[in-house]
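Take a look at the letters that make up each chain.
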Amino acid sequence: QSTWGQRLFPFLFVMLFSRSNPSLSWRAARAASNRLHVLNRQLGAPSCARSFIRLESSSSAPSQQHVTTQYSTVNPATGETLHNFPLLKPNQVDAMVGAAADSFEAYRKTPFEERASKFQTLADLLEKRAMQYGKLITMEMGKPITSAAAEVKKCATVCRYYAENAERLLQAEVIPTDATRSLVKFEPLGIILAIMPWNFPFWQVLRFAAPAMMAGNVVLMKHAWNVPLCALAIEELFEDANFKSNEYQNIFVSEAQVETLMADPRVKAVTLTGSNRAGSAVGALAGKNNKKSVLELGGSDPFIVLADADLNKAVQTAVTARTQNAGQSCIASKRFILEQPIADQFTQMFVEEMKKVRVGDPMNESTQMGPVARPDLLQALHKQVVASQENGAKILLGGSKMNQPGCFYSPTVVANVKPGMPVFDEETFGPVAALVVAESASEAVALANRTEFGLGATIFTEDREKGEALAGQIESGMVFINGMVKSDPRLPFGGVKASGYGRECSHYGLKEFVNIKTVWMQ
């Protein structure tokens, strides 16, 4: 029995082999990978050279104005470039689309039991390899290793949920009408193009792929340009779980190549999790080409603390909600809206707890917060803080890059925040908490809604009836009362307004990429 480490060995070997020359040529990489393919055969270990060679010859939430010219592994904790991967050539992408179209005709006919068995195997592998995959996540985007391994294990839950429930949820529905028999059937669409981000490089992929593929679709995955090793590992994971190679394919392509893919009639739909700029572009392309689309975009989630809230619980939750993943989450709480009577007390407690957050080497299991993923993201975040300060905001804690190598930004608390300031109006993708004071619960809701976004929201109150009533007034796709916003395979996930449309997870997510077909018989 070969170990997963032996299978990933070609990736890591070539990556380390080329550290002195990050732009290692495709020919050199191919030669090195071929040598390791022979070595793996001698060891009796299946080789991952197929994926490496194909993809070497070639995000997703690109930063503003970013144009992908290659895929790169850059350790955000050190700033060291470990490896670059060229883009696929147009003829290679075309061949992969053709292979996916051919595989769909067979895959759509596989029984649910067979698909479910493969996803159960995939879940087993995720649990077994959680720490190894976690190290890839940490190396590429800086998530602390404990959280990274937990992300991988969470992926197993979404795989098991759909393996156990998809067949039942996609059963044809018999509808009484004037017909002898009328029913609604749910049939797969075909090739789904997925454009996924770097901030949860395994979870975002699996929470889409599990329902889409359990429904009978096949996947072309364009992952974020800064997590290529995670992308390759996920592709091999599907092969190890006995999926055929063309049922799930990773593609290293540019934004221009995405436009070509969107125009290809063989690609039936697209899903994107990423920035609003990317979402607008993909949504426009989907409309132009009459393709179904799901967009999960940015957020500026409010965290409302009412006067009757349990402040200890609210503060502890708020710290986690703002510093988890270094604040790099669309559903991270960003605007902390405090009812006047408890504003000063919450602020004091919150600042003291934020001071205690352990920032450091993300490979250290005691670290609570690692670096921001890229220098450009750190610079954009700091610009938002400075601009807000210049407009009257007061920095109570942090507010600057930490004095050490890598993309580390201090846990930051900004008070006296008002609408019109960047930390109120914009999505802050980093550990910056904006404190806003409201005179009443109704003003807190009004402030919460004073944003272009509508993804998630949190309310802390001991009056649950009041909390539920206020939840009905908040313009968002999700409201969590006395808890942090999170994703769960059993509940729909998505937003409104500029935060996108469509849903992932639950039976709603399962039915996003199916043909809802009416059958009427007399």
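Placed above this text is the structure.
Everything quoted here is computed from the prediction, not taken from an experiment. (Residues numbered from 1 in each chain as written. Predicted model: local features only at pLDDT ≥ 70, side-chain atom pairs only at ≥ 80, totals over all residues. Heavy atoms only, no water.)

### Overview of the overall build of the protein
Filter applied, for reference: Helix numbers and strand numbers start at the N terminus; a helix is a DSSP run of H or I with at least 4 residues, a strand a run of E with at least 2. For every residue, the accessible area (1.4 Å probe, protein chains only) is compared with the maximum for its type, and the residue is labelled buried under 20%, exposed over 50%, or partly exposed between those bounds. Per-residue and other accessible areas follow the Shrake-Rupley method at a 1.4 Å probe size, with only the shown protein chains counted as cover for residues.
Within the protein, the regular secondary structure consists of 18 helices and 18 strands. Every one of the 522 residues in the protein was classed for burial, and the buried ones make up 60%. For the protein, the computed accessible surface area is about 20,500 Å², with 52% contributed by carbon and sulfur atoms.

### Thoughts on the sheet that holds strand β9 (residues 292-296)
Our working definition: Being paired, for any two strands, means DSSP has found at least two bridges between them. Every residue pair with non-hydrogen atoms within 4.5 Å of one another is taken to be in contact. To obtain each axis, a line is fitted to C-alpha atoms, and for helices this fit is confined to the stretch in contact; angles are then taken between N-to-C directions over 0 to 180 degrees.
If you walk across this open sheet you meet the six strands as β7-β6-β5-β8-β9-β17, and the pairing is mixed. Looking along the sheet, the strands with just one partner apiece sit at the ends: β7 (248-250) and β17 (500-501). Looking at chain direction, strand β8 (residues 267-273) and β9 are connected through five bridges and run parallel. Of the residues in β9, the one forming a bridge with Thr271 is Val294. Lying on the sheet, helix α10 (residues 255-263) is in contact with β5 (191-195), β6 (218-222) and β8; it crosses β5 at an angle near 155°.

### Some details on the nonpolar core
Selection criterion: Within this scheme, the nonpolar core is defined by two criteria: the residues are buried Ala, Val, Leu, Ile, Met, Phe, Trp, Tyr or Cys, and they are joined through side-chain atoms within 4.5 Å.
Formed by 126 residues in total, the largest nonpolar core has its most connected members in Phe119, Leu122, Leu126, Leu193, Phe202, Phe208 and Phe238. Broken down by element, this core gets its largest block of residues, eleven residues, from helix α7 (residues 145-169). Sequence-distant contacts of Phe208, defined by excluding residues within four places in its chain, comprise Ile192, Ala194, Met196, Val219, Met221, Thr271, Glu504 and Phe513. One finds Ala321, Val351, Val357 and Val413 within the second-largest nonpolar core, a separate group that totals 25 residues.

### A few points about the pattern of salt bridges
Rules: Each reported salt bridge corresponds to a side-chain nitrogen of Lys or Arg within 4 Å of a carboxyl oxygen of Asp or Glu.
This structure, assessed with the given rule, holds 18 salt bridges. Of the charged contacts, one joins Asp124 and Arg160 as a salt bridge, the two residues approaching to 2.7 Å between their closest N and O atoms. Note that Asp124 is positioned in helix α5 (residues 112-128) and Arg160 in helix α7, a separation of 36 residues in sequence. Relative accessible area serves as the criterion here: at 42%, Asp124 is assigned to the partly exposed category. Ionic pairing is found between Asp240 and Arg129, a salt bridge with its closest N-O pair at 3.0 Å.

### Examining the packing of α5 against helix α8 (residues 203-214)
For the record, the criterion: Any angle between 65 and 115 degrees counts as roughly perpendicular, while under 35 counts as roughly parallel, over 145 as roughly antiparallel, and the rest as oblique. For a crossing to be left-handed, the near helix must be turned anticlockwise from the far one by less than a right angle; the clockwise case is right-handed. Under the scheme applied, nonpolar residues are Ala, Val, Leu, Ile, Met, Phe, Trp, Tyr, Cys and Pro; charged residues are Asp, Glu, Lys and Arg; polar residues are all the others, including Gly.
The geometry of α5 relative to α8 is characterised by a closest axis approach of 10 Å and an angle of 160° between their N-to-C directions. One way to sum up the angle between α5 and α8 is to call them roughly antiparallel. Relative to α8, the crossing made by α5 is right-handed. Together, Phe112, Arg115, Ala116, Phe119 and Leu122 of α5 and Leu206, Ala209, Ala210, Met213 and Met214 of α8 make up the contact between the two elements. Residues belonging to the contact of α5 with α8 are distributed by class as follows: nine nonpolar, no polar and one charged.

### A short note on the pairing of β9
For β9, the buried fraction is high: four of the five residues fall into the buried class. Across two bridges, β9 lies against β17 in antiparallel orientation. From the neighbouring strand, Glu296 faces β17, where its bridge partner is Gly500.

### Looking at the environment of Val437
Tracing the backbone shows Val437 in strand β14 (residues 432-438). Classification of Val437 by relative accessible area gives partly exposed; the value is 42%. Between the C-alpha atom of Val437 and that of Ile342, which follows or precedes it by 95 residues, the distance is 9.4 Å. Sequence-distant contacts of Val437, defined by excluding residues within four places in its chain, comprise Leu338, Gln340, Ala343 and Leu447.

### Considering the packing of aromatic side chains
Note the threshold: Any Phe, Tyr or Trp ring, taking Trp's six-membered ring, that has another such ring centre within 6.5 Å forms a pair; planes under 30 degrees apart are called stacked, those over 60 apart edge-to-face, and the others tilted. The criterion is that NZ of a Lys, or CZ of an Arg, lies within 6 Å of the ring centre and within 35 degrees of the ring normal, and then a charge sits over that ring.
In total, this model carries 14 aromatic pairs according to the counting rule given. Considering the side-chain rings of Phe208 and Phe513, the 6.0 Å spacing of their centres and the 90° angle between planes classify their relative orientation as edge-to-face. Placement of Phe208 in helix α8 and of Phe513 in the loop between α18 (506-510) and β18 (514-521) is noted, with a sequence separation of 305 residues between them. Assigned by exposure class, Phe208 and Phe513 land together as buried. Lying across the ring of Phe493, Arg207 places its NZ or CZ 4.2 Å from the centre. In this structure, Arg335 is placed above the aromatic ring of Phe424, and the distance from its NZ or CZ to the ring centre is 4.8 Å.

### Things to note about the packing of α5 against helix α6 (residues 130-141)
When two helices pack together, their arrangement is given by the angle between the helix axes and the distance between those axes. Between α5 and α6, the shortest axis-to-axis distance is 5 Å and the interhelical angle comes to 70°. Between α5 and α6, the angle is such that the two are roughly perpendicular. Between α5 and α6, the contacting residues are Leu126, Glu127 and Lys128 on the first element and Ala130, Gln132 and Tyr133 on the second. Grouping the amino acids of the contact of α5 with α6 by side-chain chemistry returns three nonpolar, one polar and two charged.

### Structural notes on the sheet that holds strand β13 (residues 412-415)
Spatial strand order, β12-β13-β14-β11-β10-β15-β16: seven strands in an open sheet with mixed pairing. Of all the strands in the sheet, just β12 (394-397) and β16 (478-481) have a single pairing partner and so form its edges. The mean angle between the axes of side-by-side strands here comes to 25°, regardless of whether they run parallel or antiparallel. One ladder, built from three bridges, connects β12 with β13; its direction is antiparallel. Bridge pairing in β13 links Ile395 to Val414.

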